[in-house]
Amino acid sequence: MEGEAGPGGARRALGRLVEAVLADRGKANAVFDILAVLQCEDQEEVHEAVRACSRLFGALLARGELFVGQLPSEEMVMAGSRGATRKYKVWMRHRYHSCCNRLGELLARSSFQIKELALSTLMKFVQLEGEHPLEKPKWEGNYLFPYQLFKSVVGGLLSPEEDRSLLLCQFREYLEHDDIRYHTMQAAADAVARAADGRPEVPLAFWNNAFTLLSSVSLPRQESVPSNFYVKHAELSDKWKVVHLREHRKAFQQMWLGFLKHQLPLRICKKVLVIMHDSILPHLAQPSLMIDFLARACDVGGAVSLLALNGLFILIHKHNLEYPDFYRKLYGLLDPSVFHVKYRARFFHLADLFLSSSHLPAYLVAAFTKRLARLALTAPPEALLTVLPFICNLLRRHPACRVLVHRPRGPELDADPYDPREEDPARSRALESSLWELQALQQHYHPEVSKAASAINQALSEAEVSIVPLLELTAFQIFEQDLQKKGPEPVPLEFIPAQGLLGRRDDLCAQHFTLS
């Protein structure tokens, strides 16, 4: 500020202006000087101006010195013949709106300290405006919340230009309050709808910010009455939607369905599917409404299909959803690339879960077992050490499939009835075949693989072998384990030990040459 050097001088000057405005309405025009500092480029001065606005308008809200009701235009009120007090309150409330708009713009500043301070100041205004409403209640006991101000805060967090993940992490602490969480879900749904409405392409930054915010919203898993409110009330009314958890679930469902109905980037789809089973489905009022999104994701292929099958499995298992193509889709994901992708561990973990039921038909389990055995012929050792115990576990769970191992006269190599090109496991004729691939793997160059493949030579134990410790196994770990193994005791390589440099006495070299 002019006449004051350094941040300390700016703080003192702004402090005097705030005290003057609060002490004397006749000096209200000093607000313009405070708001002018918010527009400057110097970060220290902007920082002090935000603090000054927080003090000033926080005090005005608490003292009830802002106009309450439908805000008329400033020109109409000043030209009218109403009292000076009303004109002052209307005028000051317009300045309050100007301040809030500027604070919203500061959320886009390069300095994170200014962003963080602007966010905390806006949330302070949300709290004070909720406790001292600037709108008149429509009826006695009407629930009032400064939704328009809060909506602008959420809109500022969901920037289409830059990543706001750090600021969203700061905002996450407010989501612990039930009323903030409820209104965040409503405001986020509105912001997503506005951003995607009429735009040919929505920037990736917006989808990233939106997902970060949506994934931060977490509802309580147990039934409870929301009572931890950010905006304090003398008493809570049972007529308010915000005090009922079922209304929170409806808002949560509407928020996610509104987000997922758009054409999302592939990386965002993956992020959604990763948290779908644990953080989204359990909190929906109607989980079956996710079937359209999950079915579309199943057709994408690769990791996206696998993650979508995880969500579908929960809908089938816990919500009695009918999806006849589930195991056919899973069967289609089994190809040689599955051993080399980064989600290999997750794939086999989920496949183990999907095939855990003992009520699956024998032909289906046989098809998966045979497909895995065929793919194992070209798999790397680290993958084989997971696949082979997995195949043995499938045989343990489904005794009807042990015919694949104990068939007295197995088919010849060129007459294997199994059709690996068939997409439908029911038509693959796997149950007519045998697991000759495991016998071939008993000759594998790596001793651990050969040992794992030889497990079918003995009667399988009743207890399954856990594959969890093997899921993250890598080629480097196998190499390190081999290096740490102790070799066998030294053994003689010849029955008659060598005598001297030229060998044994009757050796041909010893007959014709001597050392002198």
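Residues numbered from 1 in each chain as written. Predicted model: local features only at pLDDT ≥ 70, side-chain atom pairs only at ≥ 80, totals over all residues. Heavy atoms only, no water.

If you look the chain up in an unreviewed UniProt entry, it shows as Nucleolar complex protein 4 homolog isoform X2 from Delphinapterus leucas. Database annotation for the chain, UniProt heading Subcellular location (unreviewed entry): "Nucleus membrane". According to UniProt, the comment filed for the chain under the heading Sequence similarities (unreviewed entry) is "Belongs to the CBF/MAK21 family." (UniProt positions renumbered as here; feature names shortened; annotations may be inferred.)

### A look at the pattern of salt bridges
Overall, the coordinates contain 19 salt bridges when judged by the stated rule. Linking Glu 19 and Arg 55 is a salt bridge whose minimum nitrogen-to-oxygen distance equals 2.5 Å. In this pair, Glu 19 sits in helix α1 (residues 6–23) while Arg 55 sits in helix α3 (residues 43–63), placing the two residues 36 residues apart along the sequence. Taking the shortest distance from any N to any O, the salt bridge between Lys 485 and Asp 482 comes out at 3.7 Å. Residue Lys 485 is classed as partly exposed on the basis of its relative accessible area of 43%. Of the residues examined, Asp 482 reaches a relative accessible area of 32% and is grouped as partly exposed. One network of salt bridges, in which partners are shared, links Lys 370, Arg 374, Asp 416 and Glu 437. (Salt bridge = Lys/Arg side-chain N within 4 Å of Asp/Glu carboxyl O. Helix = DSSP H or I, 4+ residues; strand = E, 2+ residues; numbered from the N terminus. Buried < 20%, exposed > 50% of the residue type's maximum accessible area, 1.4 Å probe, protein only.)

### Some remarks on the side chain of Arg 95
If you trace the backbone, Arg 95 turns up in helix α5 (residues 84–106). For Arg 95, a relative accessible area of 9% corresponds to the buried category. Setting aside residues up to four positions removed in sequence, Arg 95 forms contacts with Val 31, Phe 32, Leu 35, Phe 57 and Glu 74. (Contact = heavy atoms within 4.5 Å.)

### What to know about the nonpolar core
One finds Trp 256 and Phe 259 to be the most contacted residues of the largest nonpolar core, which totals 165 residues. Here this core gets 10 residues from one element, more than from any other, and that element is helix α18 (residues 381–397). Counting the residues that make up this core, at least three belong to each of domain 1 (7–136) and domain 2 (341–489). Each residue touching Trp 256, except ones within four places of it in the same chain, is listed here: Phe 211, Leu 214, Ser 215, Val 272, Ile 275, Ile 280 and Met 290. (Core = buried A, V, L, I, M, F, W, Y, C linked by side-chain atoms within 4.5 Å. Domains from an automatic or database assignment.)

### Re the domain arrangement of the chain
Segmenting the chain into domains produces domain 1 (7–136) and domain 2 (341–489). Measuring from the centre of the C-alpha atoms in domain 1 to the corresponding centre in domain 2 gives 70 Å.

### Some points on the packing of aromatic side chains
One pass over the full model with this rule turns up 21 aromatic pairs. Look at Phe 339 and Phe 348: their rings are 6.0 Å apart centre to centre, the planes differ by 15°, and that puts the pair in the stacked class. Both residues of the pair, Phe 339 and Phe 348, belong to the buried class. Measuring from centroid to centroid gives 6.2 Å for Phe 348 and Phe 390, while their planes differ by 85°, and the two rings are edge-to-face. Taken together, the residues span a long stretch of sequence, with Phe 348 in helix α16 (residues 344–354) and Phe 390 in helix α18 at a distance of 42 residues. For the pair Phe 348 and Phe 390, one class covers both residues: buried. Here the aromatic residues Phe 313, Phe 326, Tyr 327, Tyr 331, Phe 354 and Phe 368 are joined through ring pairs into a cluster of three or more. (Phe/Tyr/Trp six-rings, centres within 6.5 Å; stacked < 30°, edge-to-face > 60°.)

### Remarks on a nonpolar patch on the surface
On the surface, Tyr 363, Val 403 and Leu 431 cluster together to form a nonpolar patch covering roughly 220 Å² of accessible area. Tracing the backbone through its elements, the reader meets Leu 431 in the loop between α18 and α19 (436–441). Taking the relative accessible area as the measure of exposure, Leu 431 reaches 33% and is therefore partly exposed. (Patch = residues over 30% accessible without salt bridge, like charges linked within 9 Å, V, L, I, M, F, W, Y side chains within 5 Å. Areas by Shrake-Rupley, 256 points an atom, 1.4 Å probe, with all protein chains shown as cover.)

### Side note on the packing of helix α2 (residues 30–38) against α5
Contact geometry for α2 and α5: axes closest at 10 Å, N-to-C directions at 10°. Our classification of the angle between α2 and α5 gives roughly parallel. Every residue of α5 that contacts α2 at Val 31, Phe 32, Leu 35 and Leu 38 is listed here: Trp 91, Met 92, Arg 95, Ser 98, Cys 99, Arg 102 and Leu 106. Here the residues of the contact of α2 with α5 are counted per class, giving eight nonpolar, one polar and two charged. (Axes fitted to C-alpha atoms, helices over the stretch in contact; angles between N-to-C directions. Parallel < 35°, antiparallel > 145°, perpendicular 65-115°, else oblique. Nonpolar A, V, L, I, M, F, W, Y, C, P; charged D, E, K, R; others polar.)

### Focus: the environment of Gln 170
By the secondary structure assignment, Gln 170 is in helix α8 (residues 165–171). Judged by its relative accessible area of 27%, Gln 170 falls in the partly exposed class. Linking Gln 170 and Cys 401, residues 231 residues apart in sequence, is a C-alpha distance of 55 Å. If we skip the residues at most four places from it in the chain, Gln 170 touches Phe 112, Glu 116 and Leu 119.

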